Amino acid sequence: MRSVLPLRGPRRVAAVFAVVSLATLTGCVQLPNLDDAMSAARRIPETSFIYASDGALITRMHAEENRETIPLDQVPEVMRNAVIAIEDQRFYDHPGVDLRAIIRAFFRNTNEGRVVEGGSTITQQYVKNVLVERTKTLKRKVTEASLAYQLERRHTKDEILERYLNTVYFGQGAYGIEAAAKTFFGVNARDLNLPQSALLAGLIKSPARYDPLVDGEGAAARRDLVLREMMQLNMISPGEYDAALKTPLGVKPKQGAIRYEAGYFVEWVKGLIERDPAFNVLGTSVAERVNALFKGGLRIHTTVDMRMQRIAEVASKEVLDRDKDPYNGFVAVDPDTGAVKAMVGGRDFFDPDDPYAKFNLAVQSRRQPGSSFKPFTLAAALEKGIPLSRMYRGGSQVSIRMPGGEVWSPKNYESLSFGSSLSVREATIKSVNVVYAQMIRDIGAEAVVEMAKRLGITSELKPYLSLSLGAQEVSPLEMAVAYSAFANGGYRVHPHGITKITDAEGTVLYEWRPTKTQVLKPRIVDQVNRALQDVIRYGTGRREQLPGRPAAGKTGTSDEYHDAWFAGYVRQMVGVSWVGFPKAQIPMTPPYTRIRVVGGSWPGQIWKLFMVNALKDAPSLPFEAAPEADMVTVRIDVTRNCRPNRFTPPNVIESVQFEKGTEPKEICTEPTAPVTATVPNVIGRTEADARAVLEQAGFYAKVQQRACETYPPGVVCSQDPPGGTGGIAGTSVTIVVSNDTVRTSVPSVLGMARNAAISRLQDAGFDVDYVFAENGTTAPSGCQDGSVGGADRVWAQSRCPGDEVPRGSRIVIYVNPIG
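None of these values were measured; they are calculated from a predicted model.

All right, on to the overall build of the protein chain then. Each helix and strand in the protein chain was counted, giving 23 helices and 32 strands. A sequence separation of at least 24 residues applies to 68% of the contacts in the protein chain between residues at least 6 apart. Of the roughly 36800 Å² of accessible surface on the protein chain, 50% is carried by carbon and sulfur atoms.

Turning our attention to the side chain of Ser372. Along the chain, Ser372 turns up in the loop between strand E8 (340-344) and helix H15 (374-383). Residue Ser372 is classed as buried on the basis of its relative accessible area, which comes to 0%. In this structure Ser372 touches Met479, Tyr483, Lys554, Thr555, Gly556 and Trp565, once residues within four positions along its chain are discounted.

Let us now look at the state of the cysteines. For the coordinates displayed, the defined rule picks out three disulfides. Note on cysteine connectivity: Cys708 is disulfide-linked to Cys717, with sulfurs 2.0 Å apart. For the pair formed by Cys708 and Cys717, the shared burial category is buried. With a sulfur-sulfur separation of 1.8 Å, Cys783 is cross-linked through a disulfide to Cys800. With the S-S bond torsion at 100°, the cross-link from Cys783 to Cys800 turns out right-handed. Separated by 17 residues along the polypeptide, Cys783 in strand E29 (residues 783-784) and Cys800 in the loop between strand E30 (794-797) and strand E31 (804-806) bring together distant segments of the chain. The disulfide pattern of the protein chain is 1-2, 3-4, 5-6 when the bonded cysteines are numbered in sequence order.

All right, on to the packing of helix H9 (residues 194-203) against helix H10 (residues 216-232) then. Here H9 crosses H10 at 110°, and the two axes come no closer than 8 Å. The angle between H9 and H10 places the two elements in the roughly perpendicular class. Packed against H9, whose contacting residues are Leu194, Pro195, Ala198, Leu199, Ala201 and Gly202, the element H10 presents Arg222, Arg223, Val226, Leu227 and Met230 at the interface. Class assignment of the residues belonging to the contact of H9 with H10 gives a composition of eight nonpolar, one polar and two charged.

The omega torsion across Pro590 and Pro591 is 10°, close enough to zero to call that bond cis. With a phi close to 65°, Asp792 is a non-glycine residue in the positive phi region. Given a relative accessible area of 17%, Asp792 falls into the buried group.

Now for the pairing of strand E21 (residues 653-659). For E21, the buried fraction is high: six of the seven residues fall into the buried class. By the bridge criterion, seven bridges tie strand E20 (residues 631-637) to E21 in an arrangement that is antiparallel. What sits directly across from Ile636, in E21, is Glu654.

Here we come to the environment of Arg537. Secondary-structure assignment places Arg537 in helix H20 (residues 522-538). The spacing of Arg537 and Ile429 is 108 residues in sequence and 8.7 Å in space, taken between C-alpha atoms. Beyond its immediate chain neighbours, meaning those up to four positions away, Arg537 contacts Arg542, Gln545 and Glu654.

Glancing now at the sheet that holds strand E26 (residues 732-738). Spatial ordering of the open sheet is given by E23-E26-E24, a layout of three strands whose pairing is mixed. Strands with a single pairing partner mark the edges of an open sheet, and in this sheet they are strand E23 (700-706) and strand E24 (716-720). Within this sheet the neighbouring strands show an average axis-to-axis angle of 25°, counted without direction. The pairing of E23 with E26 spans seven bridges and is parallel. Looking at the pairing, Gln704 lines up with Val736 of E26. Across the sheet, helix H22 (residues 687-697) touches E23, E24 and E26, and the angle it forms with E23 is around 155°.

This part covers the pattern of salt bridges. Side-chain pairing between opposite charges can occur once the charged atoms of the two side chains come close. Overall, the coordinates contain 29 salt bridges when judged by the stated rule. With a shortest N-O distance of 3.0 Å, Arg60 and Glu68 are connected by a salt bridge. Residue Arg60 is classed as partly exposed on the basis of its relative accessible area, which comes to 30%. Owing to a relative accessible area of 4%, Glu68 belongs among the buried residues under this scheme. As a salt-bridge pair, Lys182 and Glu68 come within 2.9 Å of each other at their nearest N and O atoms. Of the two residues, Lys182 is situated in helix H8 (residues 177-185) and Glu68 in the loop between strand E3 (66-67) and helix H3 (77-87); the sequence distance between them amounts to 114 residues.

Our next topic: the packing of H15 against helix H19 (residues 476-487). Two numbers describe how H15 lies on H19: the axes approach to 11 Å, and their chain directions differ by 40°. Classified by the angle their axes make, H15 and H19 are oblique. In the packing of H15 onto H19, the handedness of the crossing is left-handed. Between H15 and H19, the contacting residues are Pro375, Phe376 and Ala379 on the first element and Met479, Ala482, Tyr483 and Phe486 on the second. Residue composition of the contact of H15 with H19, by class: seven nonpolar, no polar and no charged.

For the rest of this paragraph, the subject is the pairing of strand E14 (residues 498-502). As paired strands, strand E6 (residues 299-302) and E14 are joined by four bridges and run antiparallel to one another. Note that in E14 the partner of Thr302 across the bridge is Ile498. Where E14 and strand E15 (residues 508-511) come together, three bridges link them in antiparallel fashion. Bridging across to E15, Lys500 finds its partner in Glu511.

Scoring rules and cut-offs
- All residue numbers refer to positions counted from 1 along the written sequence of the respective chain.
- The model is predicted, so local features are restricted to residues of pLDDT at least 70 and side-chain atom pairs to those at 80 or more, both for listing and for counting; the totals for chains, interfaces and linings are taken over all residues.
- To obtain the side-chain values, all non-hydrogen atoms of the structure were used and water was disregarded.
- For the purposes of this entry, the term helix denotes a DSSP run of H or I that reaches at least four residues, the term strand denotes a run of E that reaches at least two, and both are numbered from the N terminus.
- Contact between two residues is taken to exist if any of their heavy atoms lie within 4.5 Å; hydrogens are not considered.
- Only the protein chains shown count as cover for residues, with accessible areas throughout obtained via the Shrake-Rupley method and a probe of 1.4 Å.
- Buried residues are those whose accessible area, probed at 1.4 Å on protein chains only, stays under 20% of the maximum for their type, while exposed residues exceed 50% and partly exposed ones sit between those limits.
- Cysteine sulfur atoms that come within 2.5 Å of each other are treated as a disulfide pair.
- To define axes, lines are fitted to C-alpha atoms, for helices over the stretch in contact only, and angles between the resulting N-to-C directions are given on a 0 to 180 degree scale.
- Oblique is the label for any angle not covered by the other classes, which are roughly parallel (under 35 degrees), roughly antiparallel (over 145) and roughly perpendicular (65 to 115).
- When residues are grouped by polarity, Ala, Val, Leu, Ile, Met, Phe, Trp, Tyr, Cys and Pro land in nonpolar, Asp, Glu, Lys and Arg in charged, and all others, Gly among them, in polar.
- Two strands pair under a simple rule: DSSP has to find at least two bridges between them.
- A side-chain nitrogen of Lys or Arg and a carboxyl oxygen of Asp or Glu constitute a salt bridge if their distance falls within 4 Å.
- In this scheme the handedness of a crossing depends on how the near helix is turned from the far one: anticlockwise by less than a right angle means left-handed, clockwise means right-handed.

Put into structure tokens, the structure is as follows:
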């Protein structure tokens, strides 16, 4: 970096003469003070940036001025020289005011009778751009010259050049060299070459007149003038000059509306800054915060994970892949921090033909969540002392008298009946409305409202009994936040999309500090989690099971199929998916949709696609369990919530934890007789898969091991009874698992009758083949006894007696022919 130039001798005299002369001409004896001018200077609008969680740039934001500030060392020397050559050739020699240039311009303009040349230096231009009013008066010129002189006494030439290059206007809304390089060439300033630098330098004098996107020929002539000046100043060689002249302008046509990824998320983040008082550091009014957002040069660091964002968008488009399909609103939240990791607010935020493109269905839309709201009723009931084992009246419909005397008669989905009585656990698994209607009657609607608000629902909720069935409207983001308390062990988190905001210099203006408030006791969370895991294992969400990963969730379908939801979670991620029509509450049934849409269909498919792919490399984490001292584990029939009897199939028996004193104690009265079932074929499966398949079908697995030559270790090579046959549920199926490490000693069968030899070898765990051949007529491998005679007697065996070989190996015996 060059030093501040000392003003001695003629240079100082010239500078003082120029400033004083101008002051005298205007009658001014009081010259301006630089400090006063700097403090009163207008803030230069500067482009703001939004970044993803990994630091990748998502988009830029600017209003009428697109500006980015960069240090001088990121501006190539060829660009600096181009500007100096055409704007201020004596920049490094004058003291801020160039008397020689002023005099030269005066005489030339006088001779021409019009202004054809200016005498302002780069320093004066910076002062004009930033520190003084842009009125064309002689008084302003005096002020400009005085401030330029003071600026040169305080700053180095390179510091002034850096400020100038970051503030000068190049046209097309681009202020500063970085914005100009990207606007006209789509590159960073550091990557500008000689022809590009010359073109940009030529724009400074008159950005509109020489705009290459408007007048290519005029811009080329101006660029060539800059190149000629650079060659005459020995900044470039004649060869470089000739090559640059032959180079096409290479500017890019101005694009229409700027597209960027995660449009709905970015718009939500912008809205947070504009409306949320948490960002008052950027301004105490909405107008001030908007001004900071678009002109403040902010660096806004967000929570969105772009890999997950793309997965969410792809999942939505894969499931809803037709123009007439309904829309999807999806949001994924980190339950430990409340950070929004992905957001789908519609089909395409930038679609000019979609009337709902700018409406964020994940945040702005509020629709009935149906049964996905039931976990809040469940949590409130558990707090009130109603256990999962509490039995309620079943049936397809129930009548409940409300406080005002009216009768409320809710019914189950499709008016289905699930038996005369059901436990709370079973009603949750099967999403039984009549049970949840009785539960909210018992605990009061106010308790459910309080629970939902405590967990994070911010929409207005009225204490009506129908609340337990999700009859009041909420947004997907609210639901994701509320479900987070189940995933994280009982803590309420606050949703956020911004982690940090800095100014252009890196000063931190705002930083998110996560706060967690415990709103549920661990024993309540544990029971909710177990019930909602069973929804995915056995209930309405069973198609949403995640391979090798514990998951919990709840489906939701509103009356008349207007809205369908799936809200689910694993330990480290909560996802909520809503499907519906934004225009109105249109039933999602044929002919409006291809299928009848329920929570376990399209919303669940989108959720599962997201979870499987987003968490592909994430560990499988268990949910936090309640303290063991508060819980007891018992084996129950999970479909009836009672202790299994001798006829209960194993596929419905599970070891379940209950809060002490609430565990089922009764023995199941059903089934009352053995249940017949078809034995599945498990040959070719791994032992673990075979066990799971058999248990799911109602059978226990009895395992034996031996070597199976055509199957790899650990794979089932035979079973008894075979697949496809009938069996009694609860009985065992013997499976043989290949294991070549299990070895046994080969017995001797030489001289034995064929059938006796086969039996002996099979009893020892070997497979047997036999060959009829006259003793001595062939020379088989293994061991033989040439003295053995007699029909049907063994005279050779392929494995010698006493050999230690894998159990299940095949042994061939050679037998004298019969007759």
